[in-house]
Amino acid sequence: MIEKICKELQQFKNVQGETPDNNLTISLDKFPLLTLVKAQTAIFPAIYWQDKEQQQTIACLGAIEDINTIPEAVGEARYYGGLAFQQQGEQWPNFPEIRFIRPALEFIEENNQLTLTCHFNGQFSIDETIEIVTKLHYPLALERLSVNTLTRTDLPDKKQWAELVDLSIEYKALLPKVVLSRQTELCCEESVNHCDLLGQWQLANPSSFHFSFQFCKETAFIGCSPERLFSREENRLQTEALAGTVNRGRNEREDKLLLQSLLTDKKIDRENYLVQEFIIANLKRLKAQVSCSEPHVMQLHNVQHLCVPIQAQLNAQTSDAELLYKLHPTPAVGGSPKLPALQFINDNEPYLRGWYAGAVGYISEQKSDFSVAIRSALIESNRIKLFAGAGIVTGSIAEQEWQELDNKIHTILNIITPQAAL
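Residues numbered from 1 in each chain as written. Predicted model: local features only at pLDDT ≥ 70, side-chain atom pairs only at ≥ 80, totals over all residues. Heavy atoms only, no water.

Residue placement: Ala39 occurs in helix H2 (residues 33–39). Spatially, the C-alpha atoms of Ala39 and His137 are 5.7 Å apart, while their sequence positions differ by 98 residues. Dropping the residues within four chain positions of it, Ala39 is found in contact with His137, Tyr138, Pro139 and Leu140. (Helix = DSSP H or I, 4+ residues; strand = E, 2+ residues; numbered from the N terminus. Contact = heavy atoms within 4.5 Å.)

This part takes up the UniProt feature "active site" (unreviewed entry) in the protein. According to UniProt, the positions carrying the feature "active site" (unreviewed entry) are Lys177 and Glu227. On the secondary structure map, Lys177 appears in strand E8 (residues 177–188). With a relative accessible area of 0%, Lys177 lands in the buried category. Not counting chain neighbours up to four residues away, the residues in contact with Lys177 comprise Ala243, Glu271, Leu274, Val275, Pro331, Ala332, Gly335, Ser336, Ala341, Gly391, Ile392 and Val393. Among the secondary structure elements, Glu227 is positioned in the loop between strand E10 (219–225) and strand E11 (228–233). Apart from residues no more than four positions distant in its own chain, Glu227 is found in contact with Phe209, Glu240, Leu242, Thr330, Ala332, Val333, Ser371, Val372 and Ile374. (UniProt positions renumbered as here; feature names shortened; annotations may be inferred. Buried < 20%, exposed > 50% of the residue type's maximum accessible area, 1.4 Å probe, protein only.)

This part takes up the state of the cysteines. Under the defined criterion, the tally for this structure stands at zero disulfides. For Cys216, which is in no disulfide, the shortest distance to another cysteine sulfur is to Cys195 and amounts to 14 Å. (Disulfide = S-S within 2.5 Å.)

As a further point, take the pairing of strand E9 (residues 209–214). A regular strand carries its side chains on alternate faces of the sheet. The element E9 is largely enclosed, with a buried count of six among its six residues. With burial as the criterion, each face of E9 is covered, one bearing Phe209, Phe211 and Phe213 and the other bearing His210, Ser212 and Gln214. Relative to E9, strand E2 (residues 46–50) runs antiparallel, the two sharing five bridges. Within the sheet, the bridge partner assigned to Ala46 lies in E9 and is Gln214. One ladder, built from five bridges, connects E9 with E10; its direction is antiparallel. Bridge pairing in E10 links Phe209 to Ser225. Between E9 and E10, which follow one another and run antiparallel, lie four residues. (Pairing = 2+ DSSP bridges.)

In structure tokens:
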């Protein structure tokens, strides 16, 4: 494969010159792209992306641009990256409030075909691309994780959580809903391979966005998120109000009863409606024509959510940056009203959310696709930070919401260390 890519790049150089301003696309034999990302130890950034419908699976290696603003993609450009949950204050190392890269190498599996696009912008040279290609390592098969967990630390702990829930309910006149969250840090006996972990997570929850962002060798942010922020094709936009959670049942009858409770519970309906209202109002501020579909229940491996699909016809002048700033973060991860909820979280949560509950995805001229980065994990060597949140409204009970947090990380806990999930 490396020989073929280098040969085509040399031929491209003979025609286009040393620093082309258009991309080169090469057809390749198919192989699992997550195995390619796993194998790379010398090429960063390394990004993996699979959409919720599994129509596109993408691996990006290296970068010809690395920027801290939301890009406007023109022509053949495509940018991958994300936004932190909050756009101010301290952030995670290597994961600033905004970061997007234009990849050097972009492998895309789509319509049962695999292509490699080598990106060029008139400044990045073909020789630089060839240098990256020669560093490629042969794909490594994914393996089943076998990890011993030494310690678990929850921030906030259970007592602090109860106090936070009570405090947020006290503010109900100003804050009808706030989404509180928890970081669960596991210290393991040995290093955890994030690609192996993501591979098993994919199998458990296939109908989700699957992603991995690794900007340096030491740290990876991965996720298996059920929630779409938005998907735009030309001027057509799809989004959703995903809020309201119950467990999966222990048997088919219990599962159906729990599903039905999602569609009839007044607290859940109120929680979801706040998200719908926010999304629709902000799209209308952008002069979009908006409609909603009937609610349905999204069933995952361990929980199920109430989901209301939302469609919009956008104004031709609407940019992806405007969509991101208007829609992110939604009340599903922040609260309502938006600014007081974010301020409450900023003042009271005892850890940095960073890119957890942020927006991750890609931007291109024709299409942009973003997921809300929930059901996610930050991995640094033998330490794994897991994240989960719960919407707090009038009637919320701290003990039940704590259990919801545990339910949301149950699947990944069970992958990492089965005995911890019992």
